[in-house]
Amino acid sequence: MIKKIVVLLVFSLNLVSLAQNKDCSIDFEEKTDSTYIKKTTDFMLHEKVFGNATELVMASILNNNGTVLLSLQMIQKSPEFIPAFCFDKSSKIYFQLNNGKIITLLNVSEDTCASNSFDTETKNNIKVITNYFVFVSENYQDLKTSPISLMRIKYVGETKDYAVRTELKSEILNKTVNPSLFFIDNLNCIDN
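The shown structure was predicted, so the numbers you read here are calculated from the model rather than taken from an experiment.

Colleague: Can you walk me through helix H2 (residues 182–190) in this structure?
Modeller: In an α-helix, one turn spans 3.6 residues; hence positions three or four apart end up facing the same way. Looking at H2, one finds that the buried residues are Phe182, Phe183, Asn186, Leu187, Cys189 and Ile190. Burial along H2 is one-sided: seen end-on, the buried residues are contained in an arc of 160°.

Listed below in structure tokens is the structure:
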């Protein structure tokens, strides 16, 4: 009987170890005597394709000398005019989790607005902005266990909500991703 319990216990510990050693997709890692930076690969949290217009929200997580940051990149493309969108010191991101909790991330970047460009080949206006947000220690652990259901981004003069899907079949990347599991799949990869 004791032998069966020991075998079961060893088997259970191996399963837990395998679950925690999920393949991490790391884009960049640098460690020197004075610095440590590690970044996950960019991940699609939101995609909207409507006619000729597209909107993407990409994210990655960084560990910069022990400070965990969310890198958020917004990309919009349209043949029509795209209104400006900017971040300032009061900008925030809120994530509502399936467990009902709301997690707030604070802007740590300088005031910035989306850069504009025009693709002469496709005749599209393109706006891109990248910004960094810091995790507040409160409820940080909940991000590792509960899926995301909603993302709210507070821009300068505007707040926009994005439903975060369990499964997203991307027309642009031509693959299926699971945005609601972004933090569950990536936070343990960046923690040390």
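Colleague: Just to check I follow, could you spell out the pairing of strand E4 (residues 53–64) for this structure?
Modeller: The side chains of a regular strand alternate, first on one face of the sheet and then on the other. Among the twelve residues of E4, ten are classified as buried, and the element is accordingly described as predominantly covered. Pairing of strand E2 (residues 36–40) with E4 involves three bridges; the strand directions are antiparallel. The partner of Ile37 across the bridge, within E4, is Asn64. Here strand E3 (residues 43–50) runs beside E4; their pairing, made up of seven bridges, is antiparallel. Bridge pairing links Met44 to Met58 in E4. Hairpin connection of E3 to E4: two residues between the antiparallel strands, including Gly51 at a positive phi of 65°. Where E4 folds back on strand E5 (residues 67–78), the antiparallel hairpin that results is connected by two residues, among which Asn65 adopts a positive phi of roughly 55°.

Colleague: It is not clear to me how the state of the cysteines should be interpreted in this structure. Could you clarify?
Modeller: By definition, a disulfide links the sulfur atoms of two cysteine residues through a covalent bond. Enumeration according to the criterion identifies two disulfides in this entry. Disulfide partner of Cys24: Cys189, at an S-S distance of 2.0 Å. Negative torsions about the S-S bond denote left-handed disulfides, and the value of about -85° found for Cys24 with Cys189 makes this one left-handed. Of this pair, Cys24 sits in the loop between helix H1 (2–20) and strand E1 (26–31) while Cys189 sits in helix H2, and the two are 165 residues apart along the sequence. The disulfide bridge from Cys86 ends at Cys113, spanning 1.9 Å between sulfur atoms. On the S-S bond that ties Cys86 to Cys113, the torsion sits near 100°, and the link is right-handed. Of this pair, Cys86 sits in strand E6 (residues 86–87) while Cys113 is found in strand E9 (residues 112–113), placing the two residues 27 residues apart along the sequence. We classify Cys86 as buried; its relative accessible area is 15%. For Cys113, a relative accessible area of 46% corresponds to the partly exposed category.

Parameters at a glance
Residues numbered from 1 in each chain as written. Predicted model: local features only at pLDDT ≥ 70, side-chain atom pairs only at ≥ 80, totals over all residues. Heavy atoms only, no water. Buried < 20%, exposed > 50% of the residue type's maximum accessible area, 1.4 Å probe, protein only. Helix = DSSP H or I, 4+ residues; strand = E, 2+ residues; numbered from the N terminus. Arc of directions from axis to C-beta. Pairing = 2+ DSSP bridges. Disulfide = S-S within 2.5 Å.

Keep in mind that these numbers describe shape and distance, not what the molecule does.
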